[in-house]
Amino acid sequence: MRAVSEWSVGETDVLARAVVRAPSVGNTQPWALRLPGGEALLYAVAGRGPGDGASAPDVAISCGAAVANVELGMRVLGRDTEIHLLPDHTEPDLLARVRARGPRVPSEVDLHRFSAIARRCSYRYPFLSQPVSDCDRKDLATAAAYDGVQGLLVAGEEQAGVLAEVQACAASYAQATPDDHGEVPLWTSGGEWPHPRAGDVARLGTLGSSLPWAGLVRPGTTVPDPQRLRERLSAETLLVFAAPEDTRIDHLRTGIAMEHAWLAAVDMGLAAAVQTRPLHRPRVRQVLVDRLGITGVPQLLMRVGHPAGYVPWGAYRMPCPLRS
């Protein structure tokens, strides 16, 4: 296999398409990609994050997901890879350097997860009552482990009750705060929410996106009481992603871990969505640490399950710029 002195047009297309399909806060894609010979450089783009509530950690998590996708793209192109996060302190906008180190046969995991990139989108409706199998839950937790970041499974009604209390309190706070309407910058792969087939709408009822765990809370949102939320959350598969610390590199690693788990879920035939906004508040994080026994700093929540209707592939509105 030839050494990579420069990427071919076809290889560039593979890598750019993989990056543009990464989930990002508000679908802003707050990154720029360069593809010099033998590597990919991902830069933060100042001012591209949404102005209505996106935080620096959310933007860094988004960029981490893009790093995960470009690495997968390199692997399916037959390259071994090496990731360096924040590789140059003199260039703070350079978030990651992914190097192609040499030839490598793509693994089955690489191929399956790369295929899932185009099918991944946020699912913000109730799931079917069919539970995620124990085997799949364990595989999700394994996929979510990356360089100190863990995706911790919420187990049992008691732990689900803790999350229900947190969600209800965060939603109530968002309603009472005009400039803090919940997860306004939705994590999504396209500009629109997925919609079930018409025949499924009546079965889903009015719960859909009105529950706080759906990610969007407005002044008119009906916030269920914690017991009702507890019942619903206890029937779902939930992961809390926790990093060792709360630094920029921890946020990037969280994004990589999140994308690995999300693509693994899609490959299993499952749907998922993530939420970060409640965890912006230190008090909420401390509650999760104390009552769920979490070691580290909670960064985001992921809910996973069997979708109750048709899940369309994402429509990507914004091109991924390649810097010269």
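In case you missed it, the structure is sitting above this.
Below is a summary of the structure that appears in this document. This is a predicted model, so every value here is computed, not measured. (Residues numbered from 1 in each chain as written. Predicted model: local features only at pLDDT ≥ 70, side-chain atom pairs only at ≥ 80, totals over all residues. Heavy atoms only, no water.)

### Some words on the layout of surface pockets
For the record, the criterion: Cavities and pockets were defined on a 1 Å grid built over protein atoms only: a cavity is a set of grid points that admits a 1.4 Å probe from which the probe cannot escape, a pocket is an open set flanked by protein on both sides within 12 Å along at least five of seven lines, and lining residues are those with an atom within 4 Å of any such point. Grid points are joined across faces, edges and corners, and a volume is the space filled by probe spheres set on the points. To qualify as a helix, a DSSP run of H or I must reach at least 4 residues; to qualify as a strand, a run of E must reach at least 2; elements of each kind are numbered from the N terminus. Side-chain classes are defined by residue name, with Ala, Val, Leu, Ile, Met, Phe, Trp, Tyr, Cys and Pro counting as nonpolar, Asp, Glu, Lys and Arg as charged, and the others, Gly among them, as polar.
Counted as a void, the largest pocket has a volume near 240 Å³. Together, 10 residues line the largest pocket, and V166, C169, A170, R283 and V284 are the ones closest to its centre. Elements represented by at least two residues in the lining of the largest pocket include exactly α5 (156-176) and α9 (282-292). For the lining of the largest pocket, the element with the most residues is α5, which contributes 5 residues. Looking at the lining of the largest pocket, its residues break down into 6 nonpolar, no polar and 4 charged.

### Here we look at the sheet that holds strand β4 (residues 79-85)
Selection criterion: Two strands qualify as a pair provided that DSSP identifies no fewer than 2 bridges between them. Inter-axis angles, ranging from 0 to 180 degrees, are taken between N-to-C directions of lines fitted to C-alpha atoms, where helices are fitted over the stretch in contact.
Across the sheet, which stays open at both edges, the 4 strands sit in the order β2-β3-β5-β4 with antiparallel pairing between neighbours. Unpaired on one side and paired on the other, β2 (31-34) and β4 mark the two borders of the sheet. Shown here is a sheet whose adjacent strand axes are inclined to one another by a mean of 20°, direction ignored. Where strand β3 (residues 39-44) meets strand β5 (residues 94-103), 5 bridges bridge the pair, whose relative direction is antiparallel. By the bridge assignment, L41 is partnered in β5 with R97.

### Side note on the sheet that holds strand β8 (residues 237-243)
Across the sheet, 4 strands lie side by side as β6-β8-β10-β9; this open sheet has antiparallel pairing. Since the sheet does not close on itself, it has two edges, and those belong to β6 (150-153) and β9 (271-275), each with one partner. Going across the sheet, the axis of each strand differs from the next one's by a mean of 30°, ignoring polarity. When β8 meets strand β10 (residues 297-305), the two strands line up antiparallel, connected through 7 bridges. Across the sheet, residue A243 finds its bridge partner in β10, namely V297.

### Quick notes on the packing of helix α1 (residues 9-20) against helix α2 (residues 56-76)
Under the convention used in this document: To sort the angles, those under 35 degrees are grouped as roughly parallel, those over 145 as roughly antiparallel, those from 65 to 115 as roughly perpendicular, and the leftovers as oblique. If you view the pair so one helix is near and one far, a crossing is left-handed when the near helix is turned anticlockwise from the far one by less than a right angle, and right-handed when it is turned clockwise. What makes two residues a contact is simply this: any of their non-hydrogen atoms within 4.5 Å.
Two elements in contact, α1 and α2, have axes whose closest approach is 8 Å; the angle formed by their N-to-C orientations is 150°. Our classification of the angle between α1 and α2 gives roughly antiparallel. For the element pair α1 and α2, the recorded crossing hand is right-handed. Judged by residue contacts, V14, L15, A18 and V19 of α1 engage A66, N69, V70, G73 and M74 from α2. Partitioned by chemical class, the residues of the contact of α1 with α2 number 7 nonpolar, 2 polar and no charged.

### Some points on helix α3 (residues 108-117)
Selection rule: For every residue, the accessible area (1.4 Å probe, protein chains only) is compared with the maximum for its type, and the residue is labelled buried under 20%, exposed over 50%, or partly exposed between those bounds. Summarising the geometry, the arc corresponds to the directions from the helix axis toward the C-beta atoms.
For α3, every residue scored as buried is listed here: D110, R113, A116 and I117. One face of α3 carries all of its buried residues, which in axial projection span an arc of 130°. Here the buried face of α3 lies against α1, α2, α4 (134-143) and α8 (248-267).

### Some words on the environment of V76
Of note, V76 is situated in helix α2. A sequence separation of 28 residues divides V76 from R104, and the C-alpha atoms of the two residues are 8.8 Å apart. Not counting residues within four places of it along the chain, the set of residues in contact with V76 comprises P106, D110, L111 and F114.

### Quick word on the packing of aromatic side chains
In plain terms, the rule: Stacked, tilted and edge-to-face are the three classes assigned to paired rings of Phe, Tyr and Trp, where Trp is represented by its six-membered ring and a pair needs centres within 6.5 Å; plane angles under 30 degrees give stacked, over 60 edge-to-face, the rest tilted. Each ring is checked for a lysine NZ or an arginine CZ that lies within 6 Å of its centre and within 35 degrees of its normal; such an atom marks a charge sitting over the ring.
If you walk through the whole model with that rule in mind, you get 1 aromatic pair. Where Y123 meets F127, the ring centres are 5.5 Å apart and the plane angle is 15°; that geometry is what we call stacked. For the pair Y123 and F127, a shared accessibility class is recorded, and that class is buried. Taking NZ or CZ as reference, R120 lies 4.5 Å from the ring centre of W262, over its face.

### Description of the packing of α2 against α3
A pair of packed helices is characterised by two quantities: the angle between their axes and the separation of those axes. It is at 9 Å that the axes of α2 and α3 come closest, and there the two elements cross at 125°. As summarised for this structure, α2 and α3 are arranged oblique, according to the angle between their axes. Along this stretch, α2 crosses α3, giving a crossing that reads as left-handed. Of the residues in α3, those in contact with N69, L72, G73, R75 and V76 of α2 are D110, L111, R113, F114 and I117. Class assignment for the residues of the contact of α2 with α3 results in 5 nonpolar, 2 polar and 3 charged.

### Structural notes on α1
To keep it simple, the criterion reads: For a helix, the expected span equals 1.5 Å multiplied by the residue count minus one.
For α1, spanning 12 residues, the distance from its first C-alpha to its last is 16 Å, which sits close to the expected 16 Å at 1.5 Å a residue. For α1, every residue scored as buried is listed here: E11, L15, A16, A18, V19 and V20. Each element contacted by the buried residues of α1 is listed here: β2, β3, α2, β4 and α3.

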